[in-house]
Each structure stands twice: as structure tokens, then as C-alpha cells.
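# Structural characterization, general
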Amino acid sequence: MTEQSNELRTGTGSDGDGDSAAPRVRLRDRDAEVRSVETAIDRLCREFAAGGTEIGDLLTFSGRPGIGKTSLLHEVRRIAKLREGTSVLFARGGERQFKEPYHVLRQLLQPVLSDLSADEFRQVMGTWEEVVGPAMGLRQPKAGARRLDPQGVRDGLDYVLTQLAPRRAPMVMIVDDLHWSDAESLSWLAKFAVRSGELPVLLVFAFREDENDWPNETQDLRRDTLGLKARKHELNRLTLSSVTDMIRAELGDKAEDAFCYEFWNVVNGNPFEAGRLLDQVREQELEPVEENSRQLRELAVDATGMTLKSWLDRLGASTLRFAWACAMLGTDIRIDLATRISTQSTEGARDSIKQLRKQRVLTQAPNGNLEFVHPLIASSIYNTMPEATRLGMHGIAAAEIENAGLGLLAASRHLVETHSGEGDDRIVKKLRRAAVEHQLIGAPEAAQRCLHRALNEPPADDIKAEVLYELGCSALLTDPGATVNQLKLALDPDEGPLRPDLRVDATFRLSEVLAHSGELGQAALVCQEAAEQTVEPAGRQRLQAASFMWHAFRKSEEDGPGRSARLGEMCRSLPGREAADRAVLAMRAWDLTLRGESSAEALALADEVLDGGRLPKGLGWTDTTWGFELPSMLGLTYIYNDRIAQAERLFADAIIQFEVAGWSGAHRGFAYFLMGLARFRRGLLAEAEDFLRRAYRISERVGQKLPLAWDAVGVLVDTLIARGRVDEAWTLANEFGFHPPYHATAMVLPDAASLYGKLLIAMKRHAGAAAALTEAGAQLEIRGWHNTVWAPWAGHLAIAIADDEPERARGYAQKAVRDARAFGTASAIGSALRLQAQVENGEQAVELLEQAVEHLGQSPAGYEHAVALVDLGAALRRVGRLEDAQEYLYQGIELAQHCSAEKLVDQARRELANYGLRPNRLEKRDFRETLSGPEWDVAKRAARGVPPQRIADELGVQLSLVNRRLAAVYRKAGSGPDGLASALGLPAEPREEQGE
């Protein structure tokens, strides 16, 4: 190690260029820490030069205030800058700025991102420019931009750093005073540090480890930070030898050992306190001899306590006022702003700066701005401000920052610190505008601070409820509890009038949060009661529709058929096809689907909602008028009506829109759930499992066991059953309460009892399954929900009781088939027939399975079709039709492999083993590549609506062969006949009448 690398600057927060910095002295007590830094930087540079990319590391330095963390980090910066090609990013938390959103991250990233060329910038940002750009202060939000989800900003930052790090590697990212980081920056840094090893980045953090030194707002994040896996260094106090070196370097070799020993005891080896005490000794011209050592403790009190009187005595009133202005600004202090805030002349400010640098209070940074020599000095000066002075100067600071063109975001942290109780309308207006701007950069907590302060001003009586409404909406994405409380206050007449349109929206938002928290009944009631009191037709219709929507998602309902009838009447009386009208159509389409009524009618309504195959304006995924539930209902309608490809297009659009909008929390998680459900219904089980697990992980990140988690886990259990991993499904189901008394919220997945019964059948526990399925059926029948795909309880109940009550079992199986035929989709009829076959024997079972295969072959339900094929092959073998059995088993294996249904493949292989055959696994390809020429021939005709018999006649082949080819086409395309042209990318043509 070089002599130079052992020398650290003590008692300074400068970068080494300020003339008031303490002299450089050798601190032998930091040799180990410096060696650790040099080793880490050397390794980073060496391994990156050798082609390494996943070489990151994390160093942390902690200790009590003044122990030398800042000095050590300046040495880290110096060492890193000496390595050619190394990018050094630096930021410091500020005690006055820890409530300024993204303050630390902007210091870190603004310089390096601003230095990128235009092409590099676009590549680094990718699709996240509209999210990360405003948050990092690199661009203004677009006109009409929506509020950003903080999780979306964090996800965007993850992407940006993943792209940036290799381009600027090796990279050293240094954060001093991490304990004073703003919550937005700290939450990202804590998570990024976990995965920093995947990038060529060395992270170096310094912070106070004592929890009392962390703001209350970041206490939870503190635990995440301190729990990071890192090379941790706790800085201990300096040794007597090091402090003696400091004293003699400052006061000369004449300093006596006894004086140095007492000095060391008084400062307890603290470098900062040592530096301040040395200043006092020098000012008092105290000789460093033994007889003067008794005065050190008294001087130390003045050096570290720094009361208002001591600062006044030391600086004078004018200079102290300038220091107050600097303390309010925090870090990177602009001289012109400090001058105006302190109300000094330019000449007066120049004199104040000269005095403050002489007194080792301020130093000049390389960029020409000012910095405090140490954060403790800034804290000491700020804390001496009389309350009235502090409040007044914060008001001046807010005005001067805004006048300087730095915007309301920068000014708002001062606005919230100003004196309240004046009822100043201008202050309220500015705070409300600042709250909007904070939400546009993904900082809802900062927005809430502004709105709380606006309420304390207070606002005029006629806008108080409106401010409460804005406060409630500001927490929509992050704090449901706060949203509920504030919106209830906004709707309380005692809080003042609320405009009718805002009252409707506040009611809808309140119901939305209640629903997302599992309070579906309360959500529906809130909208229903408000609708009865709403005069304006559009608002009343919106609330009535919302009430219907939340009732539809409930696990149980008192008057399901009556609600459905009222919704039908509302649908028939719609005046036009505006967004509100289309919303009602979407609800009615989903209602008909749940009730198992005509699939054709449900699809006709669903298609009326769309505009050219896309969601219309006002009903988009990120539209805040209706929320994402409306397009979700529409997608679910398509899923359960065999138009899965159409649903997948909607859900893929949802994922993209949520990412672009920065809504990466529960919204994107729900989009993943919906896509997982679509993949499950289509039979792509491995893809379904991946989407559902991603949805669950996001849900757990947002909160514990939210409705989204129940939804994702419910379909995941179904997926695991289909893949043959029944034990895993059982464990997961029990963990989440999918068992009596069925605590699951079950928003859009089949009733928990129905799923539990299906799981018990897979485990051959038919007695328990029968009880669960009987309960499910009773609940669903009361509601009038007869969709046999959404909740196939009757068919599974028939299987559960077949051995003990065969006739009753047949009755339930036949009911399921009747309900399925009434609904009319190929997958519903085919699945019901397949289940019915399991309670029959011999040729009767074969006949039912042949019908099931024929129907499922015309549906996109790949897994259900595979099961029917294997079941039919097994049934044919049992009646002695071995050649037919072999053909269907081969088809079943091919399709089961496509579906990743491993247990079903094994089952079919065991059946084929009777013939001595062991078919190989087939490779998966894009579905259009898998269509053979003959399959394309039938596909193009079927897309035009040509009946199968005419296709057979035109092609000169058997009808049975056409049906088999069509089955493959429907399965691979993920759509039934109605959506086939769109799914295959064929041009839309008039469909032929199928009168034959």
C-alpha cells in the first residue's frame, strides 16, 4: 500500500479542493478499511478486463457520527478515480433532504445519464424513458401523463442500470450518509444491492448503524439495508497514536504526551470531535502542555454542543443567518440561493462565506457550490434556528427556489415546513400542484405530505373535501388503508361540499380499494347507496354498473338471479355506445358467461364493447374512470367462451400498458395472472405456471395474501394438478386456505370449494371431495351460476360419488352436460361429456368420449382435449378396439407433450406399453410452423365458416379426417371457429352461412 493511500482527510466533508479542509494526516487505524477498498476495486477492474460481467460486490462502512465515514469515502473516490476507465458515481444523503424524492438517486445517475449520446440514451432507457426520465429529473412528464407506481419506477431503474453498467463498467457507486437517503432512493438501493453481484458494479455505502440516527420514515428500509450480504466494516474510534499524530500535525511536536492522552479521552477517539476541539484549542491559543489538559473538557462542550449563543459569538448574526440558509438547502448549496434566502447583499454574502470557510463550517465544492465541512455542523446550525425564523426562512426558500426556475418539486419540501394556520389560498394551490407533480414521478408519499400540509393551512371550506379526495387518490397505488380513510372523509358532508363528478369518482375509488382488499360486499353496497342519491344520469349509471361488477366478483350473494335480471334490464335500456354503455355491455357479457347462458349472446355483447378488436377509449387498462376490472371482465368472457387468442391479445396489451405507465405493482401482477389463466385454459401449462408464479411474487411484494395472491394460487393449484404434481398442489392449497371453511377471497377463480373438491379427487379422497363439491354446488346454484367450465362442480361430484351412488352420480353428470349444452361452447360440452364418461362403462363410455373428443377438437382447450384423447384410447382398449385405441393414444401423447402435462404423457405411455411401443417426446414449435399443408387447407376454409362436411367434399377426403385436422388447427391456434381467422392472421372475410 502506498503512503498516499494511507492518508485520509479528517473532519471534512469536502472533496479535497476546499482551502478550509483539515490538513492531511496519516491515520494508521484505517489501514484495514483502505486495503479492503483497494482489493475490491482491483478485483472489479481485473475481472472486468478479463471479460467478467457478474462480478459486483458491496462494501459497507458504519459507525457513530463523526467517526470518519465521510473521510473514508473520499478516499474510496480517490482510489477509484485513479483506475483508468472506471466510472465513479457519488451521492450523499442529506438530513434536510431526506424527504425530497429521488434526491440521492438523482445525484448518482443524473451526471452519467446526461453524459450519454442520444443513441446510447435511447438504448439504456429502452421503453422506460417515460418512467425513469421524469423520476430522475431528466425530462418533464408528458402532457396528460398518469401517476407513476413507485414499483414501476424501481423496475425501470433496474432495467436502466442493467443497460448502463456494462456500458460504463467497471463502475463504482458510492453513497455517503445512506441513513439520510430519501425513502424512494433507499428502497431501490436496498433491492439493487441484492442483485448487484450480477453486474460489473462495486457498491460502497456508509451509514450510521444506530437505529436512532435513521428517520422514522425509513426504519423499515433500515432493516433491509443492514441485512444485506456485504463485506461490512464497523469503524472504531481512533487510537491514541493516531490522535496524537493529528494534534502534533496541527499544533507542532511540542504537544506533550499527557495533553495528547487527555485530548484522546475527551474526544473518545472520534475524528470529527477531535477536529472541532483542535479548532477550539487553536482559537484559544492553548498551549498543548499537561497543565492545560484540564481545560479540554470545557472547550469540548463548546466545540460539539454549539448552542445558538456559541454560534452567534463565533460567527455574528449576519454570518449565522447565511449559515442558516445554507443549512436549509442541505447539500450542493447554490451561493445565489443562499444569498437571497438569507436576505443579504452580494457583498455581505461574500463576507459570510469567507468567515464560514475560515471557521471550518463551509467549504467550496469542485463545481463552485458550497458544502458543509461535515453533516454534523449543518445539523448543529439548523437546530439553533428559532422556530419563527425557521418557518419564515423556509417560506422564503420555497419562493426563491421556484423563482430560480427549479420548480415546485424542489420548492415543496420547504413549503411543507412553513407556518400553517393562515388559510393562504396561494399556498394551498401550490401544495396541490406539487402533489400532482410528485405523483407524476412516482413519489406518492411526497404528494401526501404536500396535501396533509395543505389541509393544515387550511384550505377554504368549499375546497376542503376536494383536497381530501386528492389525498385519498394519492395513496391508491401504495396505501389502501389511507385511501379508504381519506375518501370517506371526502364524502362526509360535514367536511364540506364535493362536486358531483368528484363525489361519483370518490365513491368509485373507495369501492375499488375496498374490493381490492377483499371487501367486495362493502364495495358493492357503497356504490349502490351512492347511486340511489346521484341525480346525474352518467354518474348514476357508473355507480350502478360498479355495484353490479363488485357483486359479480363476490364469493356469495343474496340475490344473484335478481341482480342479473336488473343488469339485463339496464343493458337493454342503454342509450348508446359511449364508454359507460360499453362498460355495462362488458359486465352483462361476463354475467351471461357465469350464468352459463348463451355463449353466442355473451360473445356478441363482448364484441360490441371492442372497437376494431381493441379496447375503446375510456375502457383501457390504465384508464382511471373504470379501472382494470372492466377489460379484465371482457378478457375473462373471451377465455371462458373459447376465444382465448382474443383474450391473450388483450392481456398482452395490458402487460405492455402497465409497464409503459410504470404500474408494476398489483396491476402488472393481475395482468400476469390473467395471462396465466388464459395459458391454462389453452393447455399451455408450463407457460401458465410461469405467469402465475410471477403474479404471485408481485402480489407478495405488494402485500401479504392479497386477493391477487388467492387468484394466482387458485389457478396455479389447478395447473399443478394438470401437470401431475398433486402433492405440491395440495401443500399450496392448504397454505392458502383452499379448504373448509374456505377463507379464500376467490375474486375470479372458481369457488374455493369446487377447486378443493377437484384436488381431493386427484388425490383419490372421494369422500372429502363429495362434501366440498356439494357445498360448492349449493352456493353456485343459489346464485344461478351454471357455467360448467368456470366451476365444473357437478361433473366432478359425479365422479366423487360414482362408486357409492351410481344413479345419483349419473344425474349430476347429465346435469353438467345439459348446462354445458345450454352454454354452447365446444370446450364446455366436450369437458362435461368427458366427465360423464367416467361414471359410465363399456361402449357407453366410448360413445361419450368420442363425442367429447369431437367437441374438444373444435376448441382451443388443449389440455382438456389431450385428456379426452387419452381417456378415449384407454376406453377403446378396454372394449377391445386396439387399433383405434393406439391411434388416439398417440394423438393424446403428442398433445399432452405440447401441453407439458407430464403425468398424462406417462398415463398414455403405460396404455401404449400393451403394444410394446415407446414413442419419443416431440419438440415444440411455433403453432404456425406446426400446421401442415392439409391443415392449412381446412383452416382457411373453416375461417370463412365453411362447414366440415363441405370441406370434406371440396378436398375429397373423409369427414372424420377433416374433423381431426380441424381439431389440431383449433388447438394450435388457441381459438374456436369464431376467432380462427384472427388467431391465424388470415384476412377477415365474410363468413359463409352454415345451413347444412
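Residues numbered from 1 in each chain as written. Predicted model: local features only at pLDDT ≥ 70, side-chain atom pairs only at ≥ 80, totals over all residues. Heavy atoms only, no water.

## Considerations on empty space enclosed by the protein
Within this structure, the stated rule accounts for 6 cavities of 30 Å³ or more. If you go around the largest cavity, you meet 20 residues; those closest to its centre are G94, G330, T331, P375 and A378. Breaking the lining of the largest cavity down by element, the ones donating at least two residues are β9 (370-372) and α17 (375-383). Among the elements that line the lining of the largest cavity, the one with the most residues is α17, at 3 residues. In terms of residue class, the lining of the largest cavity is built from 5 nonpolar, 9 polar and 6 charged. (1 Å grid on protein atoms, 1.4 Å probe; cavity = no way out; pocket = protein on both sides within 12 Å on 5 of 7 lines; lining within 4 Å. Points joined across faces, edges and corners; volume = space filled by probe spheres on them. Helix = DSSP H or I, 4+ residues; strand = E, 2+ residues; numbered from the N terminus. Nonpolar A, V, L, I, M, F, W, Y, C, P; charged D, E, K, R; others polar.)

## A few points about the sheet that holds strand β5 (residues 171-176)
Sheet strands pair via backbone hydrogen bonds, and the direction of the pair is either parallel or antiparallel. Read from one edge to the other, the open sheet built from 5 strands follows the order β4-β5-β6-β3-β7, with strand pairing classed as parallel. Each edge of the open sheet carries a strand with a single partner, namely β4 (87-92) and β7 (231-234). In this sheet, neighbouring strand axes are inclined to one another by 10° on average, regardless of whether the strands run parallel or antiparallel. Lying on the sheet, helix α1 (residues 31-49) is in contact with β3 (57-62), β5, β6 (201-207) and β7; it crosses β3 at an angle near 165°. Strand contacts of helix α7 (residues 183-195): β3, β5 and β6, with the helix running at about 135° to β6, the strand carrying the most contacts. (Pairing = 2+ DSSP bridges. Axes fitted to C-alpha atoms, helices over the stretch in contact; angles between N-to-C directions. Contact = heavy atoms within 4.5 Å.)

## Observations concerning the pattern of salt bridges
Between side chains of opposite charge, a pair can form when the charged atoms approach closely. Applying the stated rule across the entire model yields 69 salt bridges. With its nearest N and O atoms 2.8 Å apart, the salt bridge here joins D57 to R231. Of this pair, D57 sits in strand β3 while R231 is found in strand β7, placing the two residues 174 residues apart along the sequence. Of the residues examined, R231 reaches a relative accessible area of 31% and is grouped as partly exposed. With a closest N to O distance of 2.9 Å, K464 and E495 form a salt bridge. One end of the pair, K464, is in helix α22 (residues 461-474); the other, E495, is in the loop between α23 (480-491) and α24 (500-516), with 31 residues separating them in the sequence. Beyond isolated ion pairs, a larger network of salt bridges with shared partners links E689, R693, R723, R725, E728 and E902. (Salt bridge = Lys/Arg side-chain N within 4 Å of Asp/Glu carboxyl O. Buried < 20%, exposed > 50% of the residue type's maximum accessible area, 1.4 Å probe, protein only.)

## Side note on the pairing of β3
Consecutive side chains along a regular strand alternate between the two faces of the sheet. Taken across its 6 residues, β3 has 5 buried, putting it largely inside the fold. By the bridge criterion, 6 bridges tie β3 to β6 in an arrangement that is parallel. Of the residues in β6, the one forming a bridge with S62 is F207. Here 4 bridges tie β3 to β7, and the two strands are oriented parallel to one another.

## What to know about the packing of helix α18 (residues 387-403) against helix α19 (residues 407-415)
Viewed as axis vectors pointing N to C, α18 and α19 meet at an angle of 175°, and their least axial separation amounts to 8 Å. As summarised for this structure, α18 and α19 are arranged roughly antiparallel, according to the angle between their axes. When α18 is examined against α19, the residues H394, A397, A398, I401 and E402 are found in contact with a partner set consisting of G407, L408, A410, A411, H414 and L415. Residues belonging to the contact of α18 with α19 are distributed by class as follows: 7 nonpolar, 3 polar and 1 charged. (Parallel < 35°, antiparallel > 145°, perpendicular 65-115°, else oblique.)

## Quick notes on the confidence of the model for the protein
Looking at the protein, the pLDDT average stands at 86 and 91% of residues meet or exceed 70. Note that residues 1-26 has pLDDT below 50 and, in this model, 78 contacts with residues that lie over four places away or in other chains. Counting contacts from residues 744-750, a segment whose pLDDT is below 50, to residues more than four positions away or on other chains yields 31 contacts. (pLDDT = per-residue confidence, 0-100.)

## Quick look at the packing of aromatic side chains
In total, this model carries 18 aromatic pairs according to the counting rule given. On the basis of an interplanar angle of 80° and a centroid distance of 6.2 Å, the ring pair of F508 and W626 is categorised as edge-to-face. Taken together, the residues F508 in helix α24 and W626 in the loop between α29 (599-609) and α30 (629-640) connect sequence positions 118 residues apart. The same class applies to F508 as to W626, namely buried. In this structure, R96 packs its charged tip against the face of Y382, placed 3.7 Å from the ring centre. The positively charged end of R694 is found above the aromatic ring belonging to Y672, 4.7 Å away from the centroid. (Phe/Tyr/Trp six-rings, centres within 6.5 Å; stacked < 30°, edge-to-face > 60°. Lys NZ or Arg CZ within 6 Å of the ring centre and 35° of its normal.)

## A closer look at unusual backbone geometry
Across the junction of A169 and P170, the peptide omega takes the value -10°, indicating a cis bond. For the bond from E457 to P458, the omega torsion is -5°, close enough to zero to count as cis. Along the polypeptide, P458 turns up in the loop between α21 (444-456) and α22. Backbone geometry places N268, a non-glycine residue, at a positive phi of 55°.

## With respect to the side chain of D819
Within the secondary structure, D819 is located in helix α39 (residues 806-823). Given the relative accessible area of 18%, D819 is considered buried. Setting aside its immediate chain neighbours within four residues, D819 contacts G596, H786 and T788.

## Comments concerning the packing of α29 against α30
When two helices pack together, you describe them by how their axes are tilted relative to each other and by the distance separating the axes. The interhelical angle for the contact between α29 and α30, taken along N-to-C directions, is 140°, at an axis separation of 10 Å. The angle between the axes of α29 and α30 places the two elements in the oblique class. The crossing of α29 and α30 is left-handed. In contact with A602, L603, A606, D607 and V609 of α29, α30 contributes L634, T637 and Y638. A class-by-class count of the residues in the contact of α29 with α30 yields 6 nonpolar, 1 polar and 1 charged. (Left-handed = near helix turned anticlockwise from the far one by under 90°.)

## As for the environment of G85
Tracing the chain through its elements places G85 in the loop between α2 (69-82) and β4. The class of G85 is exposed, set by a relative accessible area of 53%. With 494 residues separating them in the primary sequence, G85 and A579 have C-alpha atoms 56 Å apart. Residues in contact with G85, not counting those within four places in the same chain, are A169 and P170.

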